[in-house]
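Listed below, chain by chain, are the residues.
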Amino acid sequence: MTEQKALAPAAGLTWARVCKECGQGHEGQDSHLYEYQDDVDDELVCHICLQPLLQPMDTPCGHTYCYQCLSSFLRDQDFCPVDRQRLQLQQCRSSSLLVRNLLDKLTVLCPFHSECQQSMQRCELEPHLHNRCPAFRRLREEAERRKRPCWNELKGCKTEGESDTKSNPALTRTFNPRGPPEPGLVNPAFDEGEDVAPLRSSLVAEANVVELFREEPEEDLGLRIVGGKDTPLGSIVIQEILRDSIAARDAKLAPGDHILEANDVSLSSVPHSHAVAVLRRPCSVVRLTVMQEKGFKPRPEHHPHPSTSPPAHPAHNLHNPGTVIQVTLVKRDRSEPLGIKLIRKSEEPGVFILDLLAGGLAAKDGKLRNNDKVLAINGHDLRHGTPESAAQIIQASEVRVNFVVMRQLDSAEEGGDAQSRGARRISETQYFRRRSTFMKDPPGGFSSQEKTVNLKKEPRHSLGITIAGGRDCRSRLPVYITSVQPVGCLHRDGTIKPGDVLLSINGVDLTQLTYNEAVTALKTQTAQNTVALRVIRTVSEEEEEDGDAANKEEMDTLENPREDDINWSPLWTRWLGLPSHMHWCRDIVLLKTNNESWGFSIVGGYEESRGQQPFFIKTIVPGTPAHFDGRLKCGDEIVAVNGATTVGMNNSSLIPMLKLQKNKVTLTVVSWPGSMA
């Protein structure tokens, strides 16, 4: 049995120095510390730190270590610490689910044992600290009170973000709007009106480290990414997190996060294709450094004394309660069920209320409704959560369960005074895509080439291609080629490649067809003796100029799918060079009722050095209309505002136009799916 390490008393810690996961005072990059109630079996102990395993990793030679311990050791050495066999971190794999469950069930004491004598399973300590521990809550409330000074002192005080940055400069950054804002930030909260206090809101972002563990070294992380130095976005941004993926189960990443590093490789100034290749490199652990937007800090109210009441949920502060609602259910005891059925939907991420059981606590309370989207429970963000994680939070809660939900207004409410009620979303009848009529050039550095292949063949011979896309797919993509089979006619010709977009076959236009219509047209025309197939391919100057052999090999791997990869799709940059007549667009109507920001930043517009660049969404700020609406994505291209084309505009003309829209704005956007990683 292992001896437990003596821990510093948690009672003497400040909120800035206490770890928000284990409640102890350790450095940010050090392993978490726990006080175990019972002796721990030696089989569950790390051979490096001699403590119970955290994020256990198995080596090929049969030993198990904490991930943090092993990765630190292998930075200086290249062998296993026990038997000294040659070893690299990429060869190690996450321990089995059985081992991880055994470790999670170890009994630990609350680190604030002078005020809280509870014990629990190790996996339950973090929810206990944030929801039930009185000492942890007291630390948090004291810190919040210190950061809400009197109004007369506000101008001379540091912001909350500045305080956090000082305590951990490597992991936190606050964007202060008094300095130069990020180019393209659309934020009316920065404008001083006649009735607005001179002290402006701060846009807060944090740099965090997230570790994702793969069961198989080549398993997809479940991220769709956009951006890169060869695009107007510049940085690498998460566009979407796929359901049931590694990233979704981990639940620490969110759309809009900027990826700064992956396994110590900087992605801050690399082409899009290189970033995708780095994220796809086979390994058991992917360590990401990301910049995460946390939203705007609300302006302090005009009162002479600081408030002592706890802050409301950010979404509740920022939004009209007609759309975002806070509901508290009080149970008779911890075990009483709430009577709520939760589900997830195929067309939208997050957790939704399916039904309220008759006679149940929620039904009797009457404030929650069917189809409400659950944004948070007891302060836990569930905007991209699962019903299972929501159920765990509810089960771990005490007698009070705090819900923050978003409710869509029904058709009757959308009729008269929808805007005055703060409606966030237009009715689904206006949520459609159509062929774009806005003519424009692709971003600088991207263009397209058309190719025509003329074949003479036997009618019974196949072209030997597989296709995907179609105007009926989720992203309304044109039909594109996913593979060229070695047995077909086109493989022998060598002109057609995966990712090429089909234009026509024997003069039959394929660009506006659904998938099934395209399959039928191809089969009909292939039955003839001669076939004229016309395709279009996007090319990037960055890739053409890059002659490095290693990068060429990486690009070949990305552009040529494996035979077993049935979900292959082209890189996001492959869509950017398509001519505008092949784009499909959609209108997104955002509504608001006050002087808040629309909640997104843009890049692009006319520049003397680069000419006309399209406008792209770079950031969507949490707790704003764009975020709660949920349809805008990072990487979306804005082609019109209220029906007026953005072609020819520069950044300084589009931003004032958006700020002038006080209650409603219609954005016409083109959206391409991000690259899979």
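Residues numbered from 1 in each chain as written. Predicted model: local features only at pLDDT ≥ 70, side-chain atom pairs only at ≥ 80, totals over all residues. Heavy atoms only, no water.

If you look the chain up in an unreviewed UniProt entry, it shows as Ligand of numb-protein X 2b from Astyanax mexicanus.

Caption draft 1: Quick look at the UniProt feature "domain: RING-type" (unreviewed entry) in the chain. As annotated in UniProt, the feature "domain: RING-type" (unreviewed entry) corresponds to residues 46-84 in the numbering used here. Between the end C-alpha atoms of residues 46-84 the distance is 16 Å, and the span holds 26% helix and 15% strand. (UniProt positions renumbered as here; feature names shortened; annotations may be inferred. Helix = DSSP H or I, 4+ residues; strand = E, 2+ residues; numbered from the N terminus.)

Caption draft 2: Here's a closer look at the pairing of strand β25 (residues 501-505). Across the five residues that make up β25, a large majority, five, are buried. In terms of strand pairing, β25 meets strand β27 (residues 530-540) through four bridges, oriented antiparallel. Looking at the pairing, I505 lines up with L533 of β27. The pairing of β25 with strand β26 (residues 508-509) spans two bridges and is classified as antiparallel. What sits directly across from S504, in β26, is D509. Between β25 and the antiparallel strand that follows it, β26, lie two residues; N506 among them carries a positive phi value of about 50 degrees. (Buried < 20%, exposed > 50% of the residue type's maximum accessible area, 1.4 Å probe, protein only. Pairing = 2+ DSSP bridges.)

Caption draft 3: Inspection of the packing of aromatic side chains at higher detail. In total, this model carries seven aromatic pairs according to the counting rule given. On the basis of an interplanar angle of 75 degrees and a centroid distance of 6.2 Å, the ring pair of F112 and F136 is categorised as edge-to-face. Pair noted here: F112 is in the loop between β5 (107-109) and β6 (119-121) and F136 is in helix α4 (residues 134-146), with a separation of 24 residues, a long-range link. With respect to class, F112 is no different from F136; both count as buried. Considering the side-chain rings of W575 and W672, the 5.4 Å spacing of their centres and the 10 degrees angle between planes classify their relative orientation as stacked. Note that W575 is positioned in helix α16 (residues 573-576) and W672 in the loop between β33 (664-670) and β34 (675-676), a separation of 97 residues in sequence. Assigned by exposure class, W575 and W672 land together as buried. In this structure an aromatic cluster arises from ring pairing among Y480, W575 and W672. When the ring centre of Y34 is taken as origin, the NZ or CZ atom of R122, which lies over that ring, is 5.5 Å away. Taking NZ or CZ as reference, K592 lies 4.5 Å from the ring centre of W598, over its face. (Phe/Tyr/Trp six-rings, centres within 6.5 Å; stacked < 30°, edge-to-face > 60°. Lys NZ or Arg CZ within 6 Å of the ring centre and 35° of its normal.)

Caption draft 4: Structural detail: helix α18 (residues 651-660). Among the residues of α18, N651, L654, I655 and L658 are the ones counted as buried. Along the axis of α18, the buried positions cluster into a sector of 100 degrees, meaning they face one direction only. Among the exposed residues of α18, those pointing more than 90 degrees away from its buried face are S652 and L660. (Arc of directions from axis to C-beta.)

Caption draft 5: Region of interest: the pattern of salt bridges. Under the definition given, this model contains 15 salt bridges. The residue R138 makes a salt bridge to E142 at a minimum N-O spacing of 3.4 Å. Highlighted residues: R138 and E142, both in helix α4, separated by four residues, approximately one helical turn. Looking at E142, the relative accessible area reads 27%, which means it is partly exposed. Here E240 and K633 are joined by a salt bridge, their closest N and O atoms 3.6 Å apart. (Salt bridge = Lys/Arg side-chain N within 4 Å of Asp/Glu carboxyl O.)

Caption draft 6: Quick look at the sheet that holds strand β4 (residues 93-94). Taken together, the three strands give an open sheet; going across it, the order is β3-β2-β4, and neighbouring strands pair in antiparallel fashion. The open sheet has two free edges, formed respectively by β3 (64-66) and β4, since each of these has just one partner strand. In this sheet, β4 lies alongside strand β2 (residues 56-58) in antiparallel orientation, the contact comprising two bridges. When the bridges of β4 are listed, D58 appears paired with R93. On top of the sheet, helix α1 (residues 67-76) reaches β2 and β3; it is set at about 95 degrees to β3, its chief contact. (Contact = heavy atoms within 4.5 Å. Axes fitted to C-alpha atoms, helices over the stretch in contact; angles between N-to-C directions.)

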